[in-house]
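Here's the letter readout for the chains.
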Amino acid sequence: MIKIPAKVLIVDDEKDFVEMFSLRLEGQGEKVSTAHSGKEALKVLEQAAIDVVILDIRMPGMDGIDTLKQIKKFYPIVEVIMLTGHGSTETAVEGMKLGAFDYLMKPAEFEDIKSKIENARKRKDEQEERIRQAEVKLLLRRSGDI
Amino acid sequence: MEKFYNDNIRLLLVDDEEGFRAAIARRLTKRGLKPLQASDGKECLEILEKGPMDVVVLDVKMPGMSGIDTLKCIKQAHEKIQVILLTGNIAISDGIEGIKAGAFDYLTKPVEIDHLVNKIKQAVEMIRLEEEKQEELEYRAKLEKKMIDTERLASLGTMSTGIAHEINNPLAIINESAGFMKQVISSPEMSKCSQKDALLMGIGKIEKSIKRARRITHQLLDHVKKPDLKFSEVNLKALLYETFGLLKKDIKDKQININWEIDKGKSILWSDPYQIRQVLMNLLSNAVHALQRNGSITLSTDEIEDDIILEIKDNGVGIPKENLGKIFDPFFSTKSFDEGTGLGLFVVHKIICGLNGEIEVVSKVGEGSSFIIKLPKRFEKKAVVQV
């Protein structure tokens, strides 16, 4: 099976973590972008097509939840996986209610990360596919009307 | 004073003059007192060794062991006994010396019997007051110790959860770095590297240690006070059954007997079932660990006023006296690191306090341990700010 690379954006103020995490994901064949704050993340999303955002909850300035709200407002189809420290599971749940795909606990098992990214990407693909099909139908009906 | 019935007073009369002694004893008996009698200091001390005594009426001038010496011996061995001295009319200095040595008071001969009875009653009243004072002191000391323990554990808890939070981030970095190195070393171009296996082994050890550290941080953070506790009816019996289900294998392996002495009507409370389940899990798995083959665990509940009491008792190895004060401390453990983090009882204590309950332990090496939990039947939020 050929793996389709996911376009992942990692957002965390811990630069060392972002660096190693992205190296590892790239090693697995994903296409990785990075950001060290919520604001930076939104800028990246403006410029690049992203499938999955991995978003730390605890960040100075604009925190994970605020960033999530912005992402969901402007890029509702982009999937977000929240990255939480232990003990802030409530925030993760809040995030999921706001539209996040899932959450990961730091430090996370890589297998977990891989499967969650894969599932998030799949869901986004499927959603995009549904939108495409709906558009096609819409187009067909319109042309039929004429 | 009225409530002190004369026949409850344990009294000893010590005098070498038999006639005088018998006369006094007879008159005291008429007033409802039943004095034992001794003819000298030595006999007096022998009687005191045999059984409890409240008041000793003691003649100062006796052959052999003097009254003052006898008094000193009494006070040394039986601190609580009150001594009334009988002195000759001209020997007031003896009385004063006696009071200095710890006598309750002295009377001069010839003795006015009503006067003596009154003195005896006063001495008994003194004993009662002293006992009350002692009880009060003990109660206060216990309360204070409890408060200090609770406060200390609370601050330790706050500190350790703070540390756990901070450690998770570097841990995540170590985890990713090790994972990445593993990925690189496992790649085809590294297959010629002769030290590849050694490197992978090293990384494996890093990963194992990360997991160990993570287990600790997670356990510490598991019970950080949640803002919205979910409360519902908790059936202790059902929860205990559930918990035993999770420990089934160990219980079967060790052939542990479980004695259920749970009163159905006294095991229902309104609280947080998740946290209580965690408490039961930690306590029961500790009990199972403490037991030898064929050991037993006894579970019982009771109801005292607005509280439900649960006792979990095992007849396992027990806890040494010197460890009893430390078992609720975080990271205190007598097990090796792969058997326990030393956080189980710490978490238990934290949860129980958070649910407005109390926990106590009674234990003896070789006989077993008993954990007694008191939880309010209905949890009410306290007005005090929780740490």
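In this report, the structure presented in the accompanying data block is examined.

### A closer look at the overall build of chain A
Argument step 1. A count of helical and extended segments in chain A gives five helices and five strands.
Argument step 2. When the helices and strands of chain A are placed in sequence order, the string is β-α-β-α-β-α-β-α-β-α.
Argument step 3. Within the span of chain A, comprising 146 residues, buried residues form 44% of the whole.
Argument step 4. For chain A, the share of sequence-separated contacts (at least 6 apart) that also reach a separation of at least 24 residues comes to 61%.
Argument step 5. Split by element, the accessible area of chain A, about 7800 Å² in all, is 53% carbon and sulfur.

### Details of the packing of aromatic side chains
Aromatic ring pairs are reported here in terms of the distance separating the ring centres and the angle at which the planes meet.
Argument step 1. In the structure shown here, the tally under the stated rule is four aromatic pairs over all chains.
Argument step 2. A ring pair is formed by Phe17(A) and Phe21(A), whose centres lie 5.2 Å apart and whose planes are at 35°; its orientation type is tilted. Here Phe17(A) and its partner Phe21(A) are both found in helix 1 (residues 15-27), four residues apart, which amounts to about one turn of the helix.
Argument step 3. For Phe21(A), a relative accessible area of 1% gives the class buried.
Argument step 4. Arranged with centres 4.4 Å apart and planes meeting at 20°, the rings of Tyr241(B) and Trp260(B) form a pair that is stacked. Here Tyr241(B) is found in helix 7 (residues 236-246), whereas its partner Trp260(B) is found in strand 7 (residues 257-261), with 19 residues between them in sequence.
Argument step 5. An aromatic cluster is defined as three or more aromatic residues linked by ring pairs; in this entry it consists of Tyr241(B), Phe244(B) and Trp260(B).
Argument step 6. Across from the ring centre of Phe110(A), 3.8 Å away, lies the NZ or CZ of Arg24(A), which sits over that ring.

### Quick notes on the sheet that holds strand 3 (residues 52-56) of chain A
All names here are of chain A.
Argument step 1. The sheet built from five strands is open, its strands ordered 2-1-3-4-5 with parallel pairing. In the strand order of this sheet, the two ends are held by strand 2 (31-35) and strand 5 (102-105), each with one partner. Neighbouring strand axes in the sheet, compared pairwise and without regard to direction, differ in orientation by 20° on average.
Argument step 2. One ladder, built from five bridges, connects strand 3 with strand 4 (residues 79-84); its direction is parallel. Bridge assignment links Asp56 to a residue of strand 4, and that residue is Leu83.
Argument step 3. Packing against the sheet, helix 2 (residues 38-47) makes contact with strand 1 (7-11), strand 2 and strand 3, and its axis sits at approximately 140° to strand 2.

### Description of the side chain of Thr243(B)
Argument step 1. As for its position among the elements, Thr243(B) is in helix 7.
Argument step 2. Those residues in contact with Thr243(B), other than ones at most four positions away along the chain, are Arg277(B), Leu280(B), Met281(B) and Leu284(B).

### Some details on the interface of chain A and chain B
Argument step 1. Contacts between the two partners involve 20 residues from chain A, matched on the other side by 23 residues from chain B.
Argument step 2. Our count for the contact surface shared by chain A and chain B stands at seven residue pairs in polar contact (both at pLDDT 80 or more).
Argument step 3. Elements that contribute at least two residues to the side of chain A that touches chain B include exactly helix 1 and helix 5 (110-145) of chain A.
Argument step 4. Considering only residue class, the side of chain A that touches chain B consists of nine nonpolar, four polar and seven charged.

### Observations concerning the sheet that holds strand 9 (residues 296-304) of chain B
Residue and element names in this part refer to chain B.
Argument step 1. Read across the open sheet, the five strands follow the order 7-9-10-12-11; overall the sheet is mixed. In the strand order of this sheet, the two ends are held by strand 7 and strand 11 (358-364), each with one partner. Between one strand and the next, the sheet's axes are offset by a mean angle of 15°, whatever the strand orientation.
Argument step 2. Note that strand 10 (residues 307-314) and strand 12 (residues 368-376) share eight bridges and pair antiparallel. Across the sheet, the residue bridging to Asp314 is Ser369, located in strand 12.
Argument step 3. Across the sheet, helix 9 (residues 273-290) is in contact with strand 9, strand 10 and strand 12; its angle to strand 10 comes to roughly 25°.

The rules behind these values
- Residues numbered from 1 in each chain as written.
- Chains lettered and ligands numbered in written order.
- Predicted model: local features only at pLDDT ≥ 70, side-chain atom pairs only at ≥ 80, totals over all residues.
- Heavy atoms only, no water.
- Helix = DSSP H or I, 4+ residues; strand = E, 2+ residues; numbered from the N terminus.
- Buried < 20%, exposed > 50% of the residue type's maximum accessible area, 1.4 Å probe, protein only.
- Contact = heavy atoms within 4.5 Å.
- Areas by Shrake-Rupley, 256 points an atom, 1.4 Å probe, with all protein chains shown as cover.
- Phe/Tyr/Trp six-rings, centres within 6.5 Å; stacked < 30°, edge-to-face > 60°.
- Lys NZ or Arg CZ within 6 Å of the ring centre and 35° of its normal.
- Pairing = 2+ DSSP bridges.
- Axes fitted to C-alpha atoms, helices over the stretch in contact; angles between N-to-C directions.
- Polar contact = N/O pair within 3.5 Å; in protein donor to acceptor, adjacent residues only side chain to side chain.
- Nonpolar A, V, L, I, M, F, W, Y, C, P; charged D, E, K, R; others polar.

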